[in-house]
Amino acid sequence: MDVVSTITAIRDKRRGIMGSVGFIPTMGALHDGHLALVREAKRNDTVVIVSIFVNQPQFDSQQDFARYPRDLKRDLELLEREKIDFVFVPPCEEIYPAGFNTWVEVKQISKELEGRARPGHFCGVATIVTKLFNIIQPTRAYFGQKDAQQVLVISKMVTDLNIDVEIIVVPTLREADGLAMSSRNLLLNARERQAASILYRALTVARQMHNRGTVDSAEIRNAMISCLKQEPLVTIEYVEITTADTLDELPIIDRTALVSLAVRIGSVRLIDNILLYPPK
Ligand code: PAF
């Protein structure tokens, strides 16, 4: 496995690759969810490149950026075990040199859900992903369904800017109690970690009601909120049921719906989602 830190070096490696390139952009603190993306890329592509870069512009505050979990040594060991070909680990000044002043903004879809809670977040994501796509020139790029809105923002950006990369979405990987795998789970203490299983329980309430025939979003949303309120450590940021492709309000579930939620447990912000499909 080759670990490279400059744009010139990764471009040199890229030029030498025959066949397809699968790319997984990450911010490190790798977990099985990332490894599921890596394994899917290994199934589809000749060569796999992973990037590790904690992208400051997508964080809400300096404090949130500073405490994001980092363990490069462990990340590289995990990737070595997966027999990854190249890992791109640029320092901040390689990506954002002095005077950097160009930003990518995907308008409407970035403003919903997470965008309301975290203005500027998706501009940071779209900018770094555009840069990484330009640098790596992948055939396919892999993202987790756990960050459903991120997938929509990046897919829209790729379409609108004619970026020649196929976006592959991999289902959310969950812990035994249903908690979606996320690097931020490492920030939870033992009691908070236990409380965090309520997110998936609330999503399960939605799925069960829908399976029993409820199509009224308000009814499902209220039941989810009641479920979340059973856990005293949880502060709800939002619980939304929207169209899965445009994130428009969906009062009656008559097509594929994205049920998403964001909560705080202590000082840790967690998100999760499921899709509900209309009856056949
Ligand atoms: O999903 C993430 O880890 C990040 O948002 C990404 C796509 C690596 C961009 O920094």
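Every chain's residues receive numbers from 1 upward, in the order its sequence appears when written. Only residues with pLDDT of 70 or above have their local features reported here, since the model is predicted, and side-chain atom pairs are shown and tallied only from 80 upward, although totals for entire chains, interfaces and linings are computed over all residues. Values shown for side chains rest on all heavy atoms present in the structure; no hydrogens or waters enter the calculation.

(A) Representation of the sheet that holds strand β7 (residues 234–243) within the structure. With antiparallel pairing, the 3 strands of this open sheet are ordered in space as β7-β8-β9. Only two strands of the sheet have a single neighbouring strand rather than two, namely β7 and β9 (268–276). Sheet twist, expressed as the average angle between the axes of neighbouring strands with direction ignored, equals 15 degrees. Any two strands are treated as partners once DSSP identifies two or more bridges connecting them. By definition, any uninterrupted DSSP run of H or I lasting at least four residues is a helix, any uninterrupted run of E lasting at least two residues is a strand, and each is numbered from the N terminus. As defined by bridge partners, strand β8 (residues 257–265) adjoins β9 across 9 bridges and the pair is classed as antiparallel. Looking at the pairing, Leu261 lines up with Asp272 of β9. Sitting on the sheet, helix α11 (residues 198–211) is in contact with β7, β8 and β9, with an inclination near 20 degrees to β9. To obtain an axis, a line is fitted to C-alpha atoms, over the contacting stretch when the element is a helix, and the angle between two such axes runs from 0 to 180 degrees between their N-to-C directions. Contacts were defined at the residue level, with two residues in contact if any of their heavy atoms lie within 4.5 Å.

(B) A look at unusual backbone geometry. Backbone geometry places Leu113, a non-glycine residue, at a positive phi of 30 degrees. Take Leu113: it is sitting in helix α7 (residues 113–117). The residue Gln137 is not glycine, and still its phi comes out positive at about 50 degrees. Summarising the element assignment, Gln137 is placed in the loop between α8 (121–136) and β5 (140–144).

(C) Representation of the side chain of Ser182 within the structure. Looking at the element boundaries, Ser182 is found in the loop between β6 (166–170) and α10 (190–195). Polar contact is the term for a pair of N or O atoms within 3.5 Å; when the atoms are in protein, one must be able to donate a hydrogen and the other to accept it, and sequence-neighboring residues count only if both atoms are side-chain atoms. A polar contact of 3.1 Å, which involves the side chain of Ser182, links it to the backbone nitrogen of Arg184. Ignoring any residue separated from it by four or fewer positions in sequence, one finds Ser182 in contact with His31 and Lys146.

(D) Fine view of the pattern of salt bridges. We define a salt bridge as a side-chain nitrogen of Lys or Arg found within 4 Å of a carboxyl oxygen belonging to Asp or Glu. Here the structure, examined in full by the defined rule, presents 22 salt bridges. With a shortest N-O distance of 3.9 Å, Arg116 and Glu240 are connected by a salt bridge. Of the two residues, Arg116 sits in helix α7 while Glu240 sits in strand β7, which places them 124 residues apart along the sequence. Between Glu231 and Arg191 there is a salt bridge whose closest N-O contact spans 3.1 Å. Remark: Arg191 occurs in helix α10 and Glu231 occurs in the loop between α12 (217–229) and β7; sequence separation between them is 40 residues. Within this structure, Glu114, Glu237, Arg264 and Arg269 form a network of salt bridges that share partners.

(E) Geometry of the packing of α11 against α12. Two elements in contact, α11 and α12, have axes separated by 9 Å at closest approach and are oriented at 150 degrees. Relative to α12, α11 is oriented roughly antiparallel. As α11 runs across α12, the sense of the crossing is right-handed. On α12, the residues that touch Ile198, Leu199, Arg201, Ala202, Leu203, Val205, Ala206, Met209 and His210 of α11 are Glu219, Ile220, Ala223, Met224, Cys227 and Leu228. Residues are grouped as follows: Ala, Val, Leu, Ile, Met, Phe, Trp, Tyr, Cys and Pro are nonpolar; Asp, Glu, Lys and Arg are charged; every other residue, Gly included, is polar. Of the residues contributing to the contact of α11 with α12, the split by class is 12 nonpolar, 1 polar and 2 charged. Note on angle classes: values under 35 degrees are labelled roughly parallel, values over 145 roughly antiparallel, values of 65 to 115 roughly perpendicular, and the remainder oblique. By definition, turning the near helix anticlockwise from the far helix through less than a right angle yields a left-handed crossing, and turning it clockwise yields a right-handed one.

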